[in-house]
Amino acid sequence: MPDFESENRLRRIAGCQDLEQLKSIRIAEQQKLEEELHSSDSPLLVNRLNKLHDGIISKAVHLAENDLARKGHGAPPVPYAYLLFGSGGRSEQTMHSDQDSGLVYADSLDAGTAERSRTYFTQFSEAVVDSLLFLGYPLCEGKVLSSNADWRMTLDEWRNKLDGWFADPSWESVRYLLITADARAVTGDTGLAAQLQEHFYNELANHPSIAGRMLENTLRHKVLVGFFGQLLPERYGSDAGTVDIKYGAYIPMVNAFRLLAVREGIRATGTLERIEKLQQARALSSEEAEEARQAFAFVLKMRLIGKIIPAQLGRELTVSLKESLKAGRKIQSKLQGEMKHRFGGR
Amino acid sequence: MIKKTLIAVGALLILFPTMAFAEDPSAAQLNMGLNALWIMMAGVLVLLMQGGFILLETGSTRMKNAGHVAGKTIFTVGLCSLVYWAVGYGFTFGGDAGEVLNKFIGIGSFLFEPGLAAGEGENYPSSIFFVFQLAFAAVSLSIAWGGFAERAKLSVYLIFTVVFSAVIYPVIAHWIWGGGWLAADGAQDFAGSTVVHLTGAMAALAATILLKPRIGKFNKDGSVNEILGHNQVYTALGVLLLWVGWFGFNAGSWLAVGDGFFGFVAFNTQLGAAGGAVAAMLIAWMLTGKADITSMLNGALAGLVAITASCAYVDPWAAVVIGLIAGVLVFFSAKFFEKMKIDDPIYALSVHGAAGVWGTLANGFFATEELVTKVGIGQPGLFYGGGAQQLWVQFESVVVCGAFAFAAAFGVLWIVKRMFGLRVTEEQEIIGLDLSEHGSYGYPEQMKKTGMSA
């Protein structure tokens with residue numbers, strides 16, 4: 001069944017002439033989705049929301065390209081791909097997600113083009129980041145942004161950077177590798193992004209021990225479920241009584257499935273997609289996969305709702321939340337056990 | 001060198017022959033001397049517990065109040081000593097009251113003048129007994145300060161020290177230890193779970209209710225903020241000092257060396273403390289997902305507080321159980337007071353109050369026949385064939401002493417609040433009591449860095 005509504009929406013986004021129009025579309029569309037929050041199936045809703053984000057971001061990128069041309073900077077000297085990391089890369093953005101972005105562009109054959117490319121993409125990425133900020137996408141606090149030269153490079157430069165990270169698996173490098181593992185081209189030459197990913201997975205195969213470091217890097221976020229299977233809400237401060245869904249459930253599960261997927265060489269970036277592929281690769285039994293899918297879908301829903309106060313959640317949702325968290329904890333300890341088996345404890 | 005020494009000794013022997021050929025001390029005198037040494041040492045250990053309170057209270061509060069919190073402990077111990085010497089000791093142990101009045105308060109021995117040495121037939125010199133008892137009164141007072149922390153005016157500390165050391169503590173100590181009406185009922189409180197700890201905690205409760213919570217502890221929407229202490233190492237060291245001092249507190253309370261029974265008391269004390277620390281760490285980890293240090297430290301103290309009443313009355317296994325239960329209890333108690341919107345910065349209400357009540361009641365369950373006979377107070381507990389009688393007496397002493405201590409402290413502080421006010425101004429509280437009450441910070445460099453806004 002064709003999704004008339006989203007086709008319609010994409011047409012309207014495509015027809016936008018400026019950022020003002022784009023912003024009003026974002027606001028109106030998110031409002032519609034927000035109303036369906038409690039009634040819709042959460043993976044479907046997250047999917048639609050992320051198609052919306054992709055559409056808005058792509059359009060903003062194209063508007064920036066046009067704007068630069070109008071100001072006399074010409075067209076992009078070489079092909080490029082605009083990358084999303086983090087929840088954007090995983091197609092799991094919420095209504096209020098930050099920008100986590102990067103840029104990869106083709107290597108030039110001559111020095112002149114190389115210099116022009118560098119100048120062009122510096123201006124270009126700054127324009128895009130500013131536009132997105134205007135559209136209501138806050139800046140990433142960790143400065144993972146295309147406007148930051150560390151995340152805006154030619155394909156070769158990217159490859160060198162990855163090699164450096166793989167060669168020196170310090171805490172920071174491993175964090176960057178984990179960020180890169182979720183990279184996805186939202187618009188532009190997707191072939192460039194694919195080549196980058198190809199290099200990532202080749203290097204990963206050459207450095208099998210990096211998986212152990214990746215696990216250690218993510219262990220500090222534990223699934224927030226107590227000894228008795230109880231919820232562990234915040235005890236103090238203005239968020240007292242709420243459950244930290246992001247760091248107590250969502251992030252640990254994302255980390256676990258990312259690691260399982262990366263280990264199997266699965267290149268999907270979305271968590272649900274990773275679970276699907278893991279099942280196909282028989283790294284998860286069908287029961288495990290089903291449990292994981294349900295748990296993660298529920299966590300996605302909770303994350304969209306925002307502040308979760310168990311006392312106001314009602315019995316049914318509380319039970320589901322506890323079940324999901326327990327499933328999350330199970331996958332975390334399964335992963336830890338397997339890694340310990342492979343690499344030994346430390 | 002050796003030659004010179006021998007000549008000197010020889011000369012001295014000729015000059016003072018009695019030094020070498022003094023009459024041998026009698027067995028009673030030896031006994032008295034040993035007791036005196038032990039009680040003196042125990043008294044010093046209990047006085048050293050003030051060091052524990054200084055570190056515990058300072059570590060659990062903020063930098064801007066550190067000098068005040070630490071310094072006021074020394075000042076109030078000094079003031080307490082004078083007041084207790086002048087009247088407090090007399091109200092506790094004075095023997096001049098008539099039979100009816102003596103049920104409620106002792107009279108005599110005011111401006112106490114101890115003899116130069118132990119009298120004929122006395123087990124220890126009364127001077128040493130006084131030092132020992134005074135150290136207990138000072139501990140009870142320092143427990144009460146938990147309820148005043150970080151917001152009471154210095155003058156309030158002064159007034160309350162006088163009233164507490166003169167009347168509130170002596171009256172309760174008299175009831176249970178000074179031959180008062182609860183002693184006559186056979187209330188068992190070996191080293192003062194009720195007399196020292198519950199009394200102090202009740203005064204803290206009255207104070208914290210009247211003072212109201214510290215600025216920033218509770219939000220308008222009812223949620224709670226965590227006001228973390230500035231030095232967890234101080235807090236832990238404070239607990240260790242208290243723990244060590246507690247050997248004087250409990251084992252010293254046997255007031256004799258004799259057959260070595262004080263060793264058994266010390267043994268039980270260690271087991272109770274250990275049980276409290278372990279149980280509190282486990283319960284905090286199981287229920288909150290975090291192995292919380294503060295909870296564990298409170299657990300160790302709660303174990304000590306609880307075993308204080310029962311250390312001479314129970315078997316070692318029961319000491320472990322009493323400690324374990326105290327460790328769990330203190331965790332829930334702290335949550336309870338927080339829920340009731342009662343600000344208890346040093347956890348005095350939970351550590352000394354809740355655990356003090358539990359420790360006193362525990363005698364009613366676990367006191368054994370053999371040990372009750374040895375100590376010579378009350379009946380065996382419920383689990384040792386004594387029926388519910390001792391439990392009832394314990395319950396009665398907790399309720400009556402708790403109620404008296406609370407009512408008296410509340411009354412005094414209420415009057416002070418009406419007449420002078422208890423609390424520093426909002427501005428003073430924000431810049432810190434170090435500056436407002438004493439004129440300089442305990443950590444001058446650090447506080448300047450924060451622009452006095454901390």
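An unreviewed UniProt entry annotates chain B as Ammonium transporter of Cohnella kolymensis. You can read under Sequence similarities (unreviewed entry) in the UniProt record for chain B the words "Belongs to the ammonia transporter channel (TC 1.A.11.2) family."

Chain A appears in an unreviewed UniProt entry as Signal transduction protein from Cohnella kolymensis.

### A word on the overall build of chain B
Regarding its fold elements, chain B presents 19 helices and zero strands. Computed over C-alpha atoms, the radius of gyration of chain B comes to 23 Å, within 12% of the 22 Å expected from 2.2 N^0.38 for 454 residues, which places it in the range of a compact globule. Across chain B, contacts joining residues at least 24 apart in sequence account for 76% of those joining residues at least 6 apart. For chain B, the accessible surface area stands at approximately 19,200 Å², while carbon and sulfur atoms represent 70% of it. Of the side chains in chain B, 22 bear a positive and 28 a negative charge, and the two mean positions are spaced by 14 Å.

### A word on the overall build of chain A
The secondary structure content of chain A amounts to 13 helices and four strands. Relative to the compact-globule value of 20 Å for 346 residues, chain A shows a C-alpha radius of gyration of 21 Å, a close match. Burial statistics for chain A: of 346 residues in total, 50% are counted as buried. In chain A, the share of contacts with a sequence separation of at least 24, taken over all contacts with a separation of at least 6, comes to 74%.

### Side note on the nonpolar core
Grouped burial of nonpolar side chains is what soluble globular proteins tend to show. If you look at the biggest cluster of nonpolar residues, it comprises 115 residues, and the most contacted ones within it are Phe-148, Phe-160, Tyr-169 and Phe-249 of chain B. Residue contributions to this core peak at 13 residues, all from helix H6 (residues 126–144) of chain B. Tyr-169 of chain B has contacts with Tyr-84, Phe-136, Ala-137, Ser-140, Phe-164, Trp-177, Val-195, Val-196 and Thr-199 of chain B, leaving out every residue within four places of it along the chain. Listed in part, the 105 residues of the second largest apolar core include Leu-63, Ala-81, Trp-158 and Ile-308 of chain A.

### A look at the pattern of salt bridges
All names here are of chain A. What the rule picks out here adds up to 33 salt bridges over all chains. The salt bridge partner of Glu-323 is Lys-326, with a shortest N-O separation of 3.9 Å. In this pair, Glu-323 and Lys-326 are both assigned in helix H13 (residues 315–343), three residues apart and thus about one turn of the helix distant. By relative accessible area, which is 46% here, Glu-323 ends up partly exposed.

### What about the side chain of Asp-54 of chain A?
By secondary structure assignment, the location of Asp-54 of chain A is in helix H3 (residues 42–70). Asp-54 of chain A has contacts with Leu-84, Arg-184 and Val-186 of chain A, leaving out every residue within four places of it along the chain.

### Description of the packing of helix H12 (residues 293–310) of chain B against helix H13 (residues 316–339) of chain B
All names here are of chain B. Two numbers describe how H12 lies on H13: the axes approach to 8 Å, and their chain directions differ by 135 degrees. When the interaxial angle is binned, H12 and H13 end up oblique. Of the two possible hands of crossing, H12 and H13 adopt the one that is right-handed. Residues Ser-295, Asn-298, Gly-299, Ala-302, Gly-303, Ala-306, Ile-307 and Ser-310 of H12 touch H13, and the partners they reach there are Ala-319, Ile-322, Gly-323, Ala-326, Gly-327, Val-330 and Phe-331. Looking at the contact of H12 with H13, its residues break down into eight nonpolar, seven polar and no charged.

### With respect to the pairing of strand S2 (residues 101–105) of chain A
Residue and element names in this part refer to chain A. Taking burial as the measure, the five residues of S2 include five buried ones, the bulk of the element. Side chains Ser-101, Leu-103 and Tyr-105 of S2 all project onto a buried face; the interleaved residues Gly-102 and Val-104 project onto the opposite face, where all are buried too. Two elements, strand S1 (residues 80–84) and S2, share five bridges in a ladder whose sense is antiparallel. Bridge pairing links Ala-81 to Val-104 in S2. Here three bridges tie S2 to strand S3 (residues 152–154), and the two strands are oriented parallel to one another. Within the sheet, the bridge partner assigned to Val-104 lies in S3 and is Met-153.

### Digging into the UniProt feature "domain: Protein-PII uridylyltransferase N-terminal" (unreviewed entry) in chain A
With numbering aligned to this structure, UniProt lists the feature "domain: Protein-PII uridylyltransferase N-terminal" (unreviewed entry) at residues 45–170 of chain A. Each end of residues 45–170 of chain A is marked by a C-alpha atom, and these two atoms are 38 Å apart; helix forms 53% of the span and strand 10%.

### A short note on a nonpolar patch on the surface
A contiguous nonpolar patch, built from Phe-227 and Phe-228 of chain A together with Val-278, Leu-282 and Trp-285 of chain B and spanning about 530 Å² of accessible area, is present on the exposed surface. For Leu-282 of chain B, the position within the fold is in helix H11 (residues 261–288). The exposure class assigned to Leu-282 of chain B is partly exposed, which follows from its relative accessible area of 46%.

### Here we look at unusual backbone geometry
Residue and element names in this part refer to chain B. A positive phi is found at Ser-109, a non-glycine position, where the angle reads about 55 degrees. One can find Ser-109 in the loop between helix H5 (99–102) and H6. With a relative accessible area of 32%, Ser-109 lands in the partly exposed category. Residues other than glycine seldom take positive phi values, yet Lys-341 does so here, at roughly 65 degrees.

### Notes on the packing of aromatic side chains
Counted according to the given criterion, the structure contains 55 aromatic pairs over all chains. Arranged with centres 5.0 Å apart and planes meeting at 90 degrees, the rings of Phe-227 of chain A and Phe-228 of chain A form a pair that is edge-to-face. A relative accessible area of 47% places Phe-227 of chain A in the partly exposed class. Summarising the aromatic geometry, the rings of Trp-358 of chain B and Phe-365 of chain B are spaced 6.5 Å apart at their centres and angled 35 degrees between planes, so their arrangement reads as tilted. Judged by relative accessible area, Trp-358 of chain B falls into the buried class, the value being 13%. Through a chain of ring-to-ring contacts, the aromatic side chains of Tyr-84, Tyr-89, Phe-93, Phe-112, Tyr-124, Phe-129 and Phe-130 of chain B assemble into a single cluster.

### Describing the environment of His-230 of chain B
Residues and elements named next belong to chain B. Position of His-230 relative to the elements: it lies in the loop between helix H9 (193–211) and helix H10 (232–251). When its relative accessible area of 23% is taken as the criterion, His-230 is described as partly exposed. The spacing of His-230 and Ser-397 is 167 residues in sequence and 37 Å in space, taken between C-alpha atoms. A polar contact of 3.1 Å, which involves the side chain of His-230, links it to the backbone oxygen of Thr-58.

### Focus on the domain arrangement of chain A
Residues and elements named next belong to chain A. When the domains of chain A are assigned, the result is domain 1 (4–206) and domain 2 (213–343). If you average the C-alpha positions of domain 1 and of domain 2, the two centres end up 26 Å apart. Taken together, the contacts link 30 residues of domain 1 with 24 residues of domain 2. Together domain 1 and domain 2 conceal approximately 2,400 Å² of surface at their shared face, both sides included; 60% is due to carbon and sulfur atoms. Three residues, Glu-92, Leu-178 and Tyr-201, lead the burial of domain 1 against domain 2; their summed loss comes to 24% of the area buried on that side. Across the domain 1-domain 2 interface, the total number found is three salt bridges. For Asp-182, the salt bridge goes to Arg-274, with nearest N and O atoms at 2.7 Å. Our enumeration of links across domain 1 and domain 2 arrives at 14 residue pairs in polar contact (both at pLDDT 80 or more).

### Remarks on the sheet that holds S2 of chain A
Residue and element names in this part refer to chain A. Read across the open sheet, the four strands follow the order S3-S2-S1-S4; overall the sheet is mixed. Where the open sheet ends on each side, the last strands, each with one partner, are S3 and strand S4 (184–188). Across this sheet, the average inter-strand angle for adjacent strands is 25 degrees, counted without regard to direction. Relative to S4, S1 runs antiparallel, the two sharing four bridges. Across the sheet, Ala-81 pairs through a bridge with Gly-188, a residue of S4. Packed onto the sheet, helix H8 (residues 190–206) meets S1, S2 and S4 and runs at close to 65 degrees relative to S1.

What counts as what
Residues numbered from 1 in each chain as written. Chains lettered and ligands numbered in written order. Predicted model: local features only at pLDDT ≥ 70, side-chain atom pairs only at ≥ 80, totals over all residues. Heavy atoms only, no water. UniProt positions renumbered as here; feature names shortened; annotations may be inferred. Helix = DSSP H or I, 4+ residues; strand = E, 2+ residues; numbered from the N terminus. Rg over C-alpha atoms; globule rule 2.2 N^0.38 Å. Contact = heavy atoms within 4.5 Å. Areas by Shrake-Rupley, 256 points an atom, 1.4 Å probe, with all protein chains shown as cover. Lys, Arg positive; Asp, Glu negative; His and termini not counted. Charge placed at Lys NZ, Arg CZ, Asp CG, Glu CD. Buried < 20%, exposed > 50% of the residue type's maximum accessible area, 1.4 Å probe, protein only. Core = buried A, V, L, I, M, F, W, Y, C linked by side-chain atoms within 4.5 Å. Salt bridge = Lys/Arg side-chain N within 4 Å of Asp/Glu carboxyl O. Axes fitted to C-alpha atoms, helices over the stretch in contact; angles between N-to-C directions. Parallel < 35°, antiparallel > 145°, perpendicular 65-115°, else oblique. Left-handed = near helix turned anticlockwise from the far one by under 90°. Nonpolar A, V, L, I, M, F, W, Y, C, P; charged D, E, K, R; others polar. Pairing = 2+ DSSP bridges. Patch = residues over 30% accessible without salt bridge, like charges linked within 9 Å, V, L, I, M, F, W, Y side chains within 5 Å. Phe/Tyr/Trp six-rings, centres within 6.5 Å; stacked < 30°, edge-to-face > 60°. Polar contact = N/O pair within 3.5 Å; in protein donor to acceptor, adjacent residues only side chain to side chain. Domains from an automatic or database assignment. Buried area = accessible area lost by both parts, 1.4 Å probe.

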